[in-house]
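# Summary of structural features
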Amino acid sequence: MIYVDDTYFIKVDSVGYAVCKKMIAKKSGIENQKVIGYYTTILNALKGIEEEMIKDFVRETETENIPISDAILKKKEIRNKLKKIRRELEDEKL
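Attention in this report is confined to the structure presented alongside it. Throughout this document, residue positions are counted from 1 along each chain, in the order its sequence is written. Only residues with pLDDT of at least 70 get local features here, since the model is predicted, and only at 80 or more are side-chain atom pairs given and counted; chain-wide, interface and lining totals rely on the full set of residues. Note: side-chain values were computed over all heavy atoms of the structure, leaving out hydrogens and water.

### Overview of the side chain of Asp56
The condition is simple: By the criteria applied, helices consist of DSSP H or I runs no shorter than four residues and strands consist of E runs no shorter than two, each listed in order from the N terminus. Burial here depends on accessible area, computed with a 1.4 Å probe over protein chains only, as a share of the maximum for the residue type. Under 20% is buried, over 50% is exposed, and the range in between is partly exposed. Contacts are assigned to residue pairs that have any heavy atoms within 4.5 Å of one another.
With respect to the helices, strands and loops of the structure, Asp56 is situated in helix α1 (residues 42–60). Residue classification places Asp56 among the buried residues on the basis of a relative accessible area of 11%. Apart from the residues within four sequence positions on either side, Asp56 is in contact with Tyr8 and Lys21.

### Remarks on the sheet that holds strand β3 (residues 17–24)
We count it as follows: A pair of strands is treated as paired once DSSP finds two or more bridges between them. Only the stretch in contact is used when a helix axis is fitted, and all axes are lines through C-alpha atoms; the angle between N-to-C directions ranges over 0 to 180 degrees.
Strand order across the open sheet formed by four strands is β1-β2-β3-β4, with antiparallel pairing between neighbours. Two strands bound the open sheet, and with one partner strand each, they are β1 (2–3) and β4 (31–39). Bridge analysis of β1 against strand β2 (residues 8–12) gives two bridges, and the strand direction is antiparallel. Counterpart to Ile2 in the pairing with β2 is Ile10. Strands in contact with α1 are β1, β2, β3 and β4; relative to β2, the strand with the most contacts, it is inclined by about 150°.

Right under this line is the structure:
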């Protein structure tokens with residue numbers, strides 16, 4: 001498995017790359033994993049994680065009144081983090 005952060009990781013199988021997310025059950029507190037999507041390349045898998053991280057931020061702040069400028073900054077922060085990882089992978093030609 002390839003860990004991107006504490007929440008997201010990528011599993012590799014003979015078909016491609018499965019993006020997974022660690023989840024904690026609210027009632028039992030048991031940690032599970034959920035497959036977010038399947039991708040043919042690791043770079044596309046990282047793009048999928050990027051989109052999920054942005055969705056997570058929107059879900060987490062849906063009850064708050066945050067300015068659009070803060071949301072844009074957070075989106076840029078997430079994009080830059082994942083872009084840096086993709087760039088490093090491209091340089092290594094994985």
